[in-house]
Every structure is written in C-alpha cells, then in structure tokens.
Amino acid sequence: MSRPQIPVTVLTGFLGAGKTTLLNRILSEPHGHRIAVIENEFGEIGIDNALLKRRSDEQVLVMNNGCICCTVRDDLVRILGELAAKRAAGELDFERVLIETTGLADPAPVAQTFFVDPGVAEHYALDAVITVVDAVHGMAQLDAHHEAQDQVGFADRILLSKTDLVSAEQQEELSTRLHEINIRAPIIPVHFGKTDLAQILDIDAFSLDIAEALEPEFLHHFHHHHHDDDVQSFSIRLSEPLSPIRFRLGLGSLIDKYSAQLLRYKGVVHLAGYEQRVILQGVHMLMALNLAEPWLPDGPRESVLVFIGERLPEAEFRAVIDAAVLRTDAESDASFDAAMKIIDELPF
Ligand SMILES: Nc1nc2c(ncn2[C@@H]2O[C@H](COP(=O)(O)OP(=O)(O)OP(=O)(O)O)[C@@H](O)[C@H]2O)c(=O)[nH]1
C-alpha cells in the first residue's frame, strides 16, 4: 500500500512582500499542524533565519547559496529527500512542508520539481502556490519585474499584504491588475501575516493542467529561469557597535538618495548602548527599525546588513555604514548621551 504523499505549499512573492511575516505567524500560532519549513533567501548572508520565531519542535532548513528556482534546485531535491527519509525512519515528525522562496524566484521551476523528479514526486504532492503581494509596492513591482508577474501568474492564492498602508481605491486598482494577470486565484487581504490557515494549507489547489497551459513544457524540460541581472545584493558585516545616531542618519541619507533602486534591505544591527538586537526592515522608502531579543550575555554581537537593489553603489553604502562605527575615544560621554536622547525620540 502506498503511503500518502506529504503536502507541500510553496510560498512566494516579490522582495519584501511579507512572506517571512506570514511564516512567523504560522510558526508561532498553536494551530496543531506539524510543519517542516524550507527557507531560501537571496543574498549570501541570510537574515530571515534570525527573524524566524520558531518553536523548538519545528524543522527549519535554510538554503542560502543561490536561488531555489535555478542554482540550488538540486539542493531542494536533496533536502526534500533527506526530510522524507528521516520522517520514514521516525526521526522527524511533520505532516506538511512549507517552502519560502526568494523574492526573485520564479515559482514554475520550483513547482516542476514535484512532478519531474521521480524521488520527490514519490513522497510529495504540491498542494498550492501561495503568492504574497505588497499592496504598497505591488503595482510598481509588476511594472518593472517579470519575476513579480510570474509569481502572480502562477499563484493558486494571492495574499495581499500591507493593505493598512493604502487607500481603498489603490487596493481596488491593484486587485483589478492582479485579476487581469491571474483570473483563477482568489485575492485574500492579510494584515501582518494574519490569515485563516484553512485558506492556504491543504487546499489542493495546484492544477497540473493549468501549469501546462501556462508553461507548455512544464512536464518535459527543466525550466531555466533568467534572473534580472540588474538586481544584485551585497552584505555588510561589522563586529564593532554602531553609533545609533550616525547609523540612523547615515542609513536615512542612503535611503533618501537611493530609495528607487533599493528593492529590499534588512539586517540585525548591534547599536551601542542597546542590550537588544535591532532589526532593520525596508522596501524602498518604507523603513522600520525595531527592538528584538536581547543579545546573549557572553555571545558575539555583530551587525549584519543585506542590501538588494539595482545599480547600488556598494562602496558608498559600505563607507556610510563603516562611518557609523562607534569611535569611543573620539566620542565623549556627553555626545553619546546627546545622541541617545535624540535616538529616544526616534520610532524604535
Ligand atoms: N504595514 C504592514 N507591514 C507589513 C505587513 N506585512 C509585512 N509587513 C512588513 O513588511 C516588511 C517585509 O516583510 P517580510 O515578511 O520580511 O517580507 P519577505 O517577503 O519575507 O521579504 P524577503 O524574504 O526579503 O523577500 C517587514 O517590515 C514587515 O513588518 C502588513 O500587512 N502591513
């Protein structure tokens, strides 16, 4: 008797749309589902792993050295194989898999893996492709990036995030555009990832017929996805604490100058005077700095920042962030206190 296949949900959506926010909700709510998560990030240093609020019984596997839809697809096949083997041996206990793709992934080749690779097809069944669309930036992303269009076109459900930041008219206009690209997928608003799981898990929504209609070679040729070469990422890692005021002002100046090209930026920041990690999140002009968990008392403290964008001047970004390193000998206690006072008035 064949064992039932493990349902898989592919979670996609353009850079910064709200995929990790949704995943965090799913991982932190007591819904009773046992989920193994595969997380794939754009950029050589992953930040999302640090941002995930996982429960100890959840399996989270991270793939960072490339995009799941092309260079690391073999890794995906390998990881899925290992998960299935450990589950069969009773070493792991999960009943479904959720894969978060990078914001630049084409979901078609990821979906294809579940039909074309015999080992994967034996153990897994693709349940649905869920695409998160950012209500603030979605329209511009659809205009400028074919990846954003592919993600919407291939979706079985579209989750519309950040509707709290747009007017009813803007939301309506974007929904109309999304319907024009994909008439099948229901559009469901989500506020900071809050959604009814029954609408996205175990919905048996993926249709091979539709996939073949969209991609006639779906079952025959491995689809080669071409990334937009203009989109690049770099990361900055610093072990010295940063001056809160100079970091805030320097970052602000970079955002002011390059917001149009800055598709995504995020990081964990070590600010002088703070016992807590500071999390940076941004998409174009929309930036947030929030306090997160405290640093471990004896553990290393460092800042790791990732910038993803088009034609970003990496050297200038490095120089500005480097200039925020706290110069303890040059900065008197008085100026530090003054900086802290200003920082207290900032929104984090
Ligand atoms: N206002 C508002 N912000 C949101 C909402 N959902 C997500 N965000 C914010 O959007 C930013 C990006 O969210 P993430 O969940 O990290 O986005 P992502 O799609 O995982 O990003 P990448 O993995 O880098 O592509 C974060 O600052 C979130 O707090 C929402 O419904 N409303």
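Going by an unreviewed UniProt entry, the chain carries the name GTP-binding protein and comes from Uliginosibacterium sediminicola. UniProt lists a comment for the chain under the heading Catalytic activity (unreviewed entry), and it reads "GTP + H2O = GDP + phosphate + H(+)". Quoted verbatim from the Function (unreviewed entry) heading of the UniProt record, the comment on the chain is "Zinc chaperone that directly transfers zinc cofactor to target proteins, thereby activating them. Zinc is transferred from the CXCC motif in the GTPase domain to the zinc binding site in target proteins in a process requiring GTP hydrolysis."

**With respect to the overall build of the chain**
Counting secondary structure elements, the chain contains 12 helices and 12 strands. Expressed as a percentage of its 348 residues, the buried residues of the chain come to 52%. In the chain, of all internal contacts separated by at least 6 residues, the share reaching a separation of at least 24 is 78%. Total accessible area computed for the chain in this model is approximately 15,900 Å², and 52% of it derives from carbon and sulfur atoms.

**Side note on the site of the ligand**
Taken together, 18 residues lie around the ligand, and K19, T20, T21, R264 and K266 are the ones closest in. G16 places a main-chain nitrogen or oxygen 3.0 Å from an oxygen atom of the ligand. T21 has a polar side-chain atom sitting 2.5 Å from an oxygen atom of the ligand. With the chains in place, 89% of the 660 Å² that the ligand exposes on its own is no longer accessible. Of all the secondary structure elements, the ones that give two or more residues to the shell around the ligand are α1 (19-28) and β9 (262-269).

**Looking at the sheet that holds strand β10 (residues 276-283)**
Read across the open sheet, the 5 strands follow the order β8-β12-β9-β10-β11; overall the sheet is antiparallel. Across the chains shown, the open sheet's two edge strands, defined by having one partner strand only, are β8 (231-238) and β11 (286-294). On average, adjacent strands in this sheet sit at an angle of 10 degrees to one another, irrespective of strand direction. As paired strands, β9 and β10 are joined by 5 bridges and run antiparallel to one another. Across the sheet, residue K266 finds its bridge partner in β10, namely Q281. Against the sheet, helix α11 (residues 314-322) contacts β8, β9 and β12 (303-310), and its axis sits at roughly 25 degrees relative to β8.

**Observations concerning unusual backbone geometry**
With phi around 60 degrees, K162 is a residue other than glycine that occupies positive phi space. Structurally, the position occupied by K162 is in the loop between β6 (157-161) and α8 (168-181). Relative accessible area serves as the criterion here: at 18%, K162 is assigned to the buried category. Even without glycine at this site, D204 takes up a positive phi of about 50 degrees. Mapped onto the fold, D204 is located in the loop between β7 (187-189) and α9 (208-214).

**Details of the confidence of the model for the chain**
Any residue range with low pLDDT should be treated as having predicted coordinates unsuitable for detailed reading. Taken as a whole, the chain shows an average pLDDT of 85; of its residues, 82% reach a score of 70 or greater. Complex prediction metrics read pTM 0.85 and ipTM 0.99.

**Details of the pairing of strand β1 (residues 6-13)**
In terms of residue burial, β1 counts as a mostly covered element, since 8 of its 8 residues are buried. Along β1, one buried face is formed by I6, V8, V10 and T12 and the opposite face, lined by P7, T9, L11 and G13, is buried too. Relative to strand β5 (residues 124-134), β1 runs parallel, the two sharing 8 bridges. Opposite P7, over in β5, you have A125 as the bridge partner.

Cut-offs and rules
- Residues numbered from 1 in each chain as written.
- Predicted model: local features only at pLDDT ≥ 70, side-chain atom pairs only at ≥ 80, totals over all residues.
- Heavy atoms only, no water.
- UniProt positions renumbered as here; feature names shortened; annotations may be inferred.
- Helix = DSSP H or I, 4+ residues; strand = E, 2+ residues; numbered from the N terminus.
- Buried < 20%, exposed > 50% of the residue type's maximum accessible area, 1.4 Å probe, protein only.
- Contact = heavy atoms within 4.5 Å.
- Areas by Shrake-Rupley, 256 points an atom, 1.4 Å probe, with all protein chains shown as cover.
- Near = heavy atom within 4 Å.
- Polar contact = N/O pair within 3.5 Å; in protein donor to acceptor, adjacent residues only side chain to side chain.
- Pairing = 2+ DSSP bridges.
- Axes fitted to C-alpha atoms, helices over the stretch in contact; angles between N-to-C directions.
- pLDDT = per-residue confidence, 0-100.

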